[in-house]
Amino acid sequence: MAIQAQLFDGTTLEFPDGTDPSVIETTAKRITQERRAATAKPEEVGFFQAIPAALGRGIESLGDVATGLSIAGKKAIGDEAGIRQTMAKAKEQKPEEKPGMTVADFERIAKEQGFAAAAAQAPKYIVEQVLQSAPQMAGPLAVGAGAAALSGPLAPIVGPIAGIGTYAVQQFGNFLMRQAQEKKDPEELEITKAAITAAGTAPLGYFADRFTVGLGGVGKNAGEQVIKELAARRAAGEIGAGAVAKEVGKRAAKGATVGIIAEAPTEVLEQAAERYQAGLDLTGADAANEYKEAFFGAAAAGGGIGGTSGAARGYAGYRGELGEARAAMAPPPSPADTTGQAPP
C-alpha cells in the first residue's frame, strides 16, 4: 500500500510502502521550497492589491477561531473522527496569491536589495498588520462597549467583564487551532490547558486593545482641555489651520506610541502562551522567530490603529468645541421690531 504525504498546496505525494520516513520528509520539504519559491513574493504585491488580501486574512482568522471552538465541541461529544478531519484540514497550508510582508521578508529584501528597498515596504506592512488585526480586535471591544451601554451604573464592571469574556473565548479558539496544527492525534489535544491559558491572557489582551483605540482614559481630561483652548483660539482668529493640524499630529503620534507600547509586548506574551499551551518549546530558533514576528507585527498594528484613533478623536473633539466656541462668540440676535403692531 502506497504511503501518501500532502503538501501545503493540497498536492498529494505517493511513496512505495516501506519508504524511510526521513526520505519522505526530505522530499516533501524540497518540493515545498521549490513551489513556494515559484509563488509571488510579498514585495511584488502592489499596495492597493495588498489591502483586500490583508483584510481577507483578518476575516479568515475568525474562521480559525470557529474551527478551534468546533474542535472543543467535537471533543465534548466524543466525535474523534470529526476531530481528525478538522485537524487534517488545520494542517493544510495553501499558498497565497498575494502574500503579506513579514519581518523575515524585510530582512531578506535588505540583504538582497539594500535597506532603502526594505524600508519602502514599511507603509504596506503597517496597513496589512492593521487590517489583519482589526477583525479579532473589534469583536471583544464591541461586545464590551455594548454591554456597558446596557448596564447603566454597572457599566464600568459589566463592560470589561463582557469584553474579557469574549476575548477569552476568541483566544481559546485560536489556541485550539494551534494545537490542531501541531499535534498528531486527537488524544493529544489539551482542551483544559487551552482554556486556562486563554482565560489567563484575556484581561491583558483586552485592556491593551482598549488603550490602543483610546478607551483607556490616559490623560483624557488634560487632552480635552487642550482641544477646548485650541478651538477657542481658532474661533477668535488667533491661530490658523496649521496650529490645528499640528495638534492633531501630536494626537496621532501619542496614539501611535501608546498603541506600540500596549500591543507589542502583549502580543509577544500571547505568542509565548500559545506555544506553551500547544506543548511547544518557549526558547530556540522557531520560538525566537515567532516572538520577533509577533512583536513587530503588533507594533505596526498598534501604532497604525493608535495613531489613526488619536488623530480622529482629536479632530472630532476640536470640531465639536469649535462649534460651541463660535456659537458663544456670536452677537445676540437683534430684538424684534414691534413698531406698528397692535397692543395686546
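Source: prediction; values computed, not measured. (Residues numbered from 1 in each chain as written. Predicted model: local features only at pLDDT ≥ 70, side-chain atom pairs only at ≥ 80, totals over all residues. Heavy atoms only, no water.)

Enquirer: Give a description of the packing of aromatic side chains that names residues and reports values.
Expert: Counting across every chain of the model gives 4 aromatic pairs. Consider the rings of Phe-47 and Phe-48, whose centres lie 5.3 Å apart with planes at 85°: the pair is edge-to-face. The partly exposed category is assigned to Phe-47, whose relative accessible area is 34%. Under the relative-accessibility criterion, Phe-48 is labelled exposed at 71%. Taking 5.3 Å as the distance between ring centres and 85° as the angle between the ring planes, the aromatic pair formed by Phe-295 and Phe-296 counts as edge-to-face. Here Phe-296 falls in the partly exposed class, since its relative accessible area comes to 43%. (Phe/Tyr/Trp six-rings, centres within 6.5 Å; stacked < 30°, edge-to-face > 60°. Buried < 20%, exposed > 50% of the residue type's maximum accessible area, 1.4 Å probe, protein only.)

Enquirer: Talk me through the side chain of Gln-121; I want residue IDs and the actual numbers.
Expert: Tracing the backbone through its elements, the reader meets Gln-121 in the loop between α5 (115-119) and α6 (122-149). You can call Gln-121 buried: its relative accessible area is 13%. (Helix = DSSP H or I, 4+ residues; strand = E, 2+ residues; numbered from the N terminus.)

Enquirer: Explain the nonpolar core to me, and be specific about the residues and the numbers.
Expert: One broad trend across soluble globular proteins is that nonpolar side chains are buried collectively. Within the largest apolar cluster, 15 residues are counted, with the highest numbers of intra-cluster contacts made by Phe-172, Leu-176 and Leu-189. At the level of secondary structure, the elements contributing two or more residues to this core comprise α2 (47-77), α3 (80-91), α7 (155-182) and α8 (191-212). The element best represented in this core is α7, accounting for 5 residues. With sequence-adjacent residues up to four places away left out, Leu-189 is seen in contact with Ile-71, Ile-83, Met-87, Gln-179, Ala-180 and Lys-183. If you look at the next biggest cluster of nonpolar residues, it comprises 11 residues, including Ile-227, Val-248, Ala-311 and Tyr-318. (Core = buried A, V, L, I, M, F, W, Y, C linked by side-chain atoms within 4.5 Å. Contact = heavy atoms within 4.5 Å.)

Just distances and angles here, no functional claims.
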